[in-house]
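# Reading the structure
Here's the letter readout for the chains.
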Amino acid sequence: MAPGEKIKAQIKKNLPVTGPQAPTIKELMRWYCLNTNTHGCRRIVVSRGRLRRLLWILFTLTAVALIFWQCALLVLSFYTVSVSIKVHFQKLYFPAVTICNINPYKYSVVKDLLSDLEQETRGALKTLFGFSEIKSRKRREAESWNSSWEGMRPKFINSVPLLFFDEDETSKVARDFLTGRKRRVSGTIVHKASDVMQIQQSKQVVGFKLCSNDTSDCATYTFSSGVNAIQEWYKLHYMNIMAQVPLEKKINMSYSAEELLVTCFFDGVSCDARNFTLFHHPMHGNCYTFNSRINDTVLSTSMGGSEYGLQVILYINEEEYNPFLVSSTGAKVIVHQQDEYPLIEDVGTEIETATATSIGMHLTESLKLSEPYSQCTEDGKDVPITNIYNTAYSLQICLHSCFQTKMVEKCGCAQYSQPLPIGANYCNYQHHPNWMYCYYKLQQAFVREELGCQAVCREACSFREWTLTTSLAQWPSEVSEKWLLSVLTWDQGHQMKKKLNKTDLAKLLIYYKDLNHRSVMETPDNTIPNLLSNFGGQLGLWMSCSVVCIIEIFEVFFIDSLSIITRRQWQKAKEWWARRQPPSCPEAPPIPQGQDNLALDIDEDLPTFTSALRLPPAVGTQVPGTPPRYNTLRLERAFSNQLTDTQVPDES
Amino acid sequence: MGVGTQSPGLSPDPYPCPPCPSQGLMKGNEREEQGLGPEPAAPEQPTEEEEALIEFHRSYRELFQFFCSNTTIHGAIRLVCSQHNRMKTAFWAVLWLCTFGMMYWQFGLLFGEYFSYPVSLNINLNSDKLVFPAVTICTINPYRYTEIKGKLEELDRITEGTLFDLFKYNYSNTLGAHPRSRRDLRGTLPHPLQRLQVPSPPHKARKARSADSSVQDNNPQVNRKDWTVGFQLCNKNRSDCFYQTYSSGVDAVREWYRFHYINILSRLTDGSPSLKEDALGNFIFTCRFNQDSCSQANYTRFHHPMYGSCYTFNNHKNSSNLWMSSLPGINNGLSLVLRTEQNDFIPLLSTVTGARVMVHGQDEPAFMDDGGFNLRPGVETSISMKKEGLDRLGGNYGDCTENGSEVLVKNLYGSKYTQQVCIHSCFQESMIKECGCAYIFYPKPKEVEYCDYLKHTSWGYCYYKLQFAFSSDSLGCFTKCRKPCSVTSYQLSAGYSRWPSVTSQDWVFQMLSRQNNYTINNKRNGVAKLNIFFKELNYKTNSESPSVTMVTLLSNLGSQWSLWFGSSVLSVVEMAELIFDLLVITFLMLLRRFRSRYWSPGRGSRGAQEVASTPASSLPSRFCPHPTSPSPSQPGPAASPALSAPPPAYATLGPRPSPLGSAEPSSSACTMGEP
């Protein structure tokens, strides 16, 4: 062949018939595999031997699968947290300390309100249990009691009668202790004492019955012990009475700060009742909070140890205790944050009289990550429960608020031991005769999680907690008792008439054990750079691939392939059109039908413009719409064969 | 690819084999050129269907050429393929070695980190409805004194005598007897309590009895510090004895009494009538949980030899009936009023008054010794709990056991595995092995009986020896017993208040005594109140998770690899392929040499035919021996016609269509082709 042929061949070789302009997808793939930087692909093409090629295809696909799998694992584990625990040593802010007397109101003051109730309780005690020397059976006592209280209207017993239940009978005969008449118990008996009672001699259970408005639906509550029954029954009526007393009067009935706090020391400096703020708790009366951010200053301790904490001596006047409402003597103390509500009923620590109680604190601060790492809430704003406490959010506050809200919804009034929601009143018998029944039902539903409170309330993301270590000592000691008590009596001289007794006093020390403050923080385990570098690692490990490779793959497999397919489809459509109207389409190549048909290969060398000029078909510069051909491939090889100047007969 | 081909060494000109007309080489060249240009490897297409299953290169050179032009390992190309510039080769070799070293150093670090199985601590703060733990309460007194008095009479009498002898204490309120006359009976019990002189070593104190009596006249108060009190324990044939001594007389008497009490108890246990069922009402006056009364189903009772009747609340095997706490606080917990009178306590055994309470997980035995909490009479004790969980990773990450099934110690308690259970079982096991009897405070297997010095005379000696070995961990119990993987613990903190208050005590006492048909004589000391509740429903779970997982390890390896080498796992496969190819080619060449040496040239064709007909048949046809390899005995005459012969058709690339004809010429042509 002439040199001209060679040049043509050279030109042809260098003509861009590959790449995006490749005539078929197969060509495109081959071109991609030869030129990509991704490992494995090239080997598929250049390997010799079918098994080798197959193996290489397998290897490459495995690598791709592994990349996908590992990257999926990385993505799935993206939202994990790591916990870091830091111990700070610094000057610590002293927490707020709320102190309450266990007894809410001075009994001498509150007696007027409760005198009727007390009388009836004593009567009930006498009738039921023969309290105060009478040892005979109930019926007679009931009569005698009835006669002794002639003329008085026993309103409390009438509204919620105390009943006896004969335990061993299945028929549940209840006996009203007031009238002595037996009555059949209808409705559900909430049986609170089943088998414990069998060991007891009397085999009689005390309880009370709560009915809804129409009295057809009743629930009877029985108690294994008379002590519990009386206390519950008393508390029920007590709450009714107190719910009607205005707040100012209640505050006045309770203890003043000067009364409760005999001495006070903080951080080695004397303090007094002015450092305490009043906080009225429905069940514990007046409580006093130390360091509750008065004038926006929060006190702090300079040192750890009992010397530098809060030291108070509390006056617990045991004589003023309500005999039925509370049965234990002492005070309750709770350590909390300044903006937290002191849930003293739930988590308060009791303090014994005639004892020095030392409470060492250790602060732990916990910080959780909220969405999407966990379900916690930052400030409770996104929890659909209105916080009736107007304090910082916590899970317990939310649960209580939820219950109170439901209570107002269902029963029409609010429970006494929790704050009032807006526009609601505390429950009492005058206005809501059957609230107690409603309350008990609701509480059971709450415990069984039927109210949905537990599902709605979420935990808070950050909270501080003080771990308390309590230790006790006898106080005052025998030798110091005398002078100490007399000095304290002299101190309090203007308020107290009588001499102080050691069982009226309790000493309390609250201090930081050390100024170490531990904070447990969650931090995201993975960051985006981290994730990306892990991705990079995986891509590099299996295939030495990179983002550019991915773009390349996208380009080749989607854009170029699609364009090739559309080109061919377009071509087909055109052919089809041309076949339909052969004369009306002069531009179309006369025989494009052979495009895909190998059998028609022979006809492919048709006089197009380039072939007519004996030029190689410039596929890259081809007229849009001119189909790429297989014969370009074949041509190429034919040229190369010719280059060697050996006339090998081709397949043709 | 681009890097490889642009290096000067890779240009096709200096190849020794280009004129070689063999198709294998030809194809290789073509590929090179195609690689250079953007043109596709079009000519291969028709040959595809004729391709062999596996094809091998004919020579090392060809193989390396192929490898160099197609490999993806960075650096390796420069090293292997830049053969015409020694400087460059050396330079690349150094670089390659450096990066190689760096990479493997880093790999070593990464693997070292992974195989040390590091764990990272996770702290999960959960808040949930909590299952109330099991609560066990014991009356500290094992038996009513009136019931067991008969059995203990002798022991008490002797103790009394001993107390008088040693401490001049006239113990005469209960028995009201004459200690001096009773003293003679002291010998009826083995292991008498004696006073010993401190400086005297134990082995010399064997005559302590006589010394004791000789110093009896001295005033013991003067030099009290020089004396210790103890009792002697000997082995079976009394060849080895030692003294169990105590510095305080109170400890000595108590321990000594306890020791004898154990023996008496072991005789008692076999169906003794004095183990009368103690009714719950005699101990627990009221019981409430979550403002409901407790029922029979809520507790189980067992008898502890030291702590007496114990009641375990909320300890069901099936979890259907368990108490749940949905709210924290004192009103939502367990509240008990207990009887703590000690009128009928065993005077020398029970020195503590009150009750003992323990909080533990369900289906875990209550170890009152280990985790108990004493309650004071006349006081309301409020115990607030906080739950805390700990989950360890087992397996390679830590030494813990899921359910104790793989621990060698047999669980004698029949309960959930805890480390405590295991250690006690382990001790009991060694006790049975060493002493032949079971210690009464731990459960025993059926066939063994409890220790009693009437049956096992030297068990005391054995027990104290074993105890010593146990505490110095020569029994191996602490290594045998592994930690459980998940542990739930309850942190307790207590508050106290006086109960009942002065104003309410009258009616409370009256009511309690009335209802339980029991008169509370001692008023305040006769009762105690207990509240156990959850302080908060938040609970912390400390769990471990592997800090380096397989995924991150692979990612890190990949990062390092990419950083230093830019290669991948597939590159390694390439290397493996290269090595495989090398081996096969070497093998084939050796085979060929062997053949050509031992067969005559005439028979050589037959050999080739044989090779060709082997399953990997077409291999020799592609075979191009390396120029440097010594293959001297190639048939020369057959080569020259092959030189001028036209290149074989593409068909020869296939699975040997003409085995005889083309195998010979092509291989010989190659040998001739290299000058």
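In the annotation of an unreviewed UniProt entry, chain A is listed under the name Epithelial sodium channel subunit gamma and assigned to Loxodonta africana. Taken from UniProt, the Catalytic activity (unreviewed entry) comment for chain A reads in full: "Na(+)(in) = Na(+)(out)".

### Observations concerning the overall build of chain A
The secondary structure content of chain A amounts to 19 helices and 20 strands. The 652 residues of chain A split such that 52% are buried. For chain A, the proportion of contacts with a sequence separation of at least 24, taken over those separated by at least 6, is 73%. Carbon and sulfur atoms make up 58% of the accessible area of chain A, which totals about 30500 Å².

### Brief notes about the nonpolar core
Formed by 103 residues in total, the largest nonpolar core has its most connected members in Phe 94, Ile 99, Tyr 238, Val 312 and Ile 510 of chain A. Ranked by the residues each element gives to this core, the list is headed by helix H8 (residues 226-242) of chain A, at ten residues. Dropping the residues within four chain positions of it, Val 312 of chain A is found in contact with Ile 99, Leu 261, Thr 263, Cys 264, Phe 276, Ala 506, Lys 507 and Leu 508 of chain A. By size, the runner-up hydrophobic cluster in this structure holds 62 residues, among which are Phe 231, Leu 348, Leu 349 and Phe 470 of chain B.

### With respect to a nonpolar patch on the surface
All names here are of chain A. Taken together, the side chains of Ile 25, Phe 554, Phe 557, Phe 558, Ile 559, Leu 562 and Ile 565 make up a nonpolar region of the molecular surface, amounting to roughly 640 Å² of accessible area. Among the elements that line the nonpolar patch, the one with the most residues is helix H17 (residues 547-580), at six residues. Within the element layout of this structure, Leu 562 appears in helix H17. With a relative accessible area of 51%, Leu 562 lands in the exposed category.

### Thoughts on the pattern of salt bridges
Going through the model one piece at a time under the given rule, you end up with 22 salt bridges over all chains. Notably, a salt bridge pairs Glu 574 of chain B with Arg 43 of chain A, separated by 3.7 Å at the nearest N-O pair. With Glu 574 of chain B in helix H16 (residues 569-598) and Arg 43 of chain A in helix H3 (residues 41-46), this residue pair bridges two chains. Between Lys 416 of chain B and Glu 364 of chain B there is a salt bridge, and its shortest N-O distance comes to 3.5 Å. On the criterion of sequence distance, the pair formed by Lys 416 of chain B in the loop between strand E16 (400-401) and helix H11 (419-435) and Glu 364 of chain B in the loop between strand E13 (355-360) and helix H10 (368-371) is long-range, its members being 52 residues apart. We classify Lys 416 of chain B as partly exposed; its relative accessible area is 41%.

### Focus: the sheet that holds strand E3 (residues 96-101) of chain A
Pairing between sheet strands relies on hydrogen bonds along the backbone, with the strands arranged either parallel or antiparallel. Residue and element names in this part refer to chain A. The sheet built from five strands is open, its strands ordered E12-E13-E3-E16-E17 with antiparallel pairing. Each edge of the sheet is formed by a strand with only one pairing partner; in this case those strands are strand E12 (276-281) and strand E17 (349-351). Ignoring which end each strand starts from, the neighbouring axes of this sheet average 30 degrees apart. Relative to strand E16 (residues 331-336), E3 runs antiparallel, the two being bridged by six bridges. Its bridge partner lying in E16, Thr 98 is registered against Ile 334.

### A short note on the state of the cysteines
Here is the idea: a disulfide is a covalent bond, and it sits between the sulfur atoms of two cysteines. Scanning the entire structure with this criterion turns up 13 disulfides over all chains. Each sulfur in the disulfide pair Cys 411 of chain A and Cys 438 of chain A lies 1.7 Å from the other. The disulfide joining Cys 411 of chain A to Cys 438 of chain A has a torsion of about -80 degrees about its S-S bond and is therefore left-handed. Remark: Cys 438 of chain A occurs in helix H13 (residues 435-447) and Cys 411 of chain A occurs in helix H12 (residues 395-411); sequence separation between them is 27 residues. You can call Cys 411 of chain A buried: its relative accessible area is 13%. The side chain of Cys 400 of chain B participates in a disulfide bridge whose partner is Cys 485 of chain B; the two sulfur atoms lie 2.0 Å from each other. In this structure the cystine formed by Cys 400 of chain B and Cys 485 of chain B twists about its S-S bond by roughly 85 degrees; its chirality is therefore right-handed. Of this pair, Cys 400 of chain B sits in strand E16 while Cys 485 of chain B sits in the loop between strand E17 (483-484) and strand E18 (486-498); the two residues are 85 residues apart in sequence, bridging distant segments of the chain. The buried category is assigned to Cys 400 of chain B, whose relative accessible area is 6%. Residue classification places Cys 485 of chain B among the buried residues on the basis of a relative accessible area of 3%. Of all cysteine sulfurs in the structure, the one in Cys 41 of chain A sits closest to Cys 33 of chain A, which takes part in no disulfide; the separation is 4.3 Å.

### Digging into the packing of H11 of chain B against helix H12 (residues 459-471) of chain B
The packing of two helices is summarised by the inter-axis angle and the distance between the axes. All names here are of chain B. Axis separation between H11 and H12 bottoms out at 10 Å; the angle between their running directions is 140 degrees. Classified by the interaxial angle, the pair formed by H11 and H12 is oblique. Handedness of the crossing formed by H11 with H12: right-handed. Contacts between H11 and H12 involve Ile 423, Phe 427, Ser 430, Met 431, Glu 434 and Cys 435 from the former and Trp 459, Cys 462, Tyr 463, Leu 466, Gln 467 and Phe 470 from the latter. Of the residues contributing to the contact of H11 with H12, the split by class is nine nonpolar, two polar and one charged.

### Notes on the confidence of the model for chain A
Any segment with low pLDDT has predicted coordinates that should not be analysed in fine detail. Considering every residue of chain A, the mean pLDDT works out to 76; 73% of them sit at 70 or more. Residue range residues 177-202 of chain A is modelled with pLDDT below 50. Its contacts to residues more than four positions away, or to other chains, number 84 contacts.

### Considerations on the sheet that holds strand E14 (residues 373-375) of chain B
All names here are of chain B. Pairing is antiparallel across the open sheet formed by five strands, whose spatial order is E9-E10-E3-E13-E14. Lying at the two open borders of the sheet, with one neighbouring strand each, are strand E9 (299-304) and E14. Taken pair by pair, the neighbouring strands of this sheet meet at an average axis angle of 25 degrees, ignoring direction. Where strand E3 (residues 134-138) meets strand E10 (residues 308-313), four bridges bridge the pair, whose relative direction is antiparallel. Bridged to Thr 136 within E10 is Thr 312.

### Details of H12 of chain A
With 17 residues, H12 of chain A extends 24 Å between its outermost C-alpha atoms, agreeing within 8% with the 24 Å of an ideal straight helix rising 1.5 Å per residue. Of all 17 residues in H12 of chain A, twelve are buried; the element is thus mostly enclosed. Within the span of H12 of chain A, buried status applies to Leu 395, Gln 396, Ile 397, Cys 398, Leu 399, His 400, Ser 401, Cys 402, Phe 403, Gln 404, Met 407 and Cys 411 of chain A. Buried residues along H12 of chain A sit in contact with helix H11 (344-347), H13 and helix H14 (453-456) of chain A together with strand E1 (119-127) and strand E20 (538-546) of chain B.

Conventions we followed
- Residues numbered from 1 in each chain as written.
- Chains lettered and ligands numbered in written order.
- Predicted model: local features only at pLDDT ≥ 70, side-chain atom pairs only at ≥ 80, totals over all residues.
- Heavy atoms only, no water.
- UniProt positions renumbered as here; feature names shortened; annotations may be inferred.
- Helix = DSSP H or I, 4+ residues; strand = E, 2+ residues; numbered from the N terminus.
- Buried < 20%, exposed > 50% of the residue type's maximum accessible area, 1.4 Å probe, protein only.
- Contact = heavy atoms within 4.5 Å.
- Areas by Shrake-Rupley, 256 points an atom, 1.4 Å probe, with all protein chains shown as cover.
- Core = buried A, V, L, I, M, F, W, Y, C linked by side-chain atoms within 4.5 Å.
- Patch = residues over 30% accessible without salt bridge, like charges linked within 9 Å, V, L, I, M, F, W, Y side chains within 5 Å.
- Salt bridge = Lys/Arg side-chain N within 4 Å of Asp/Glu carboxyl O.
- Pairing = 2+ DSSP bridges.
- Axes fitted to C-alpha atoms, helices over the stretch in contact; angles between N-to-C directions.
- Disulfide = S-S within 2.5 Å.
- Parallel < 35°, antiparallel > 145°, perpendicular 65-115°, else oblique.
- Left-handed = near helix turned anticlockwise from the far one by under 90°.
- Nonpolar A, V, L, I, M, F, W, Y, C, P; charged D, E, K, R; others polar.
- pLDDT = per-residue confidence, 0-100.
- Expected span 1.5 Å × (residues − 1).

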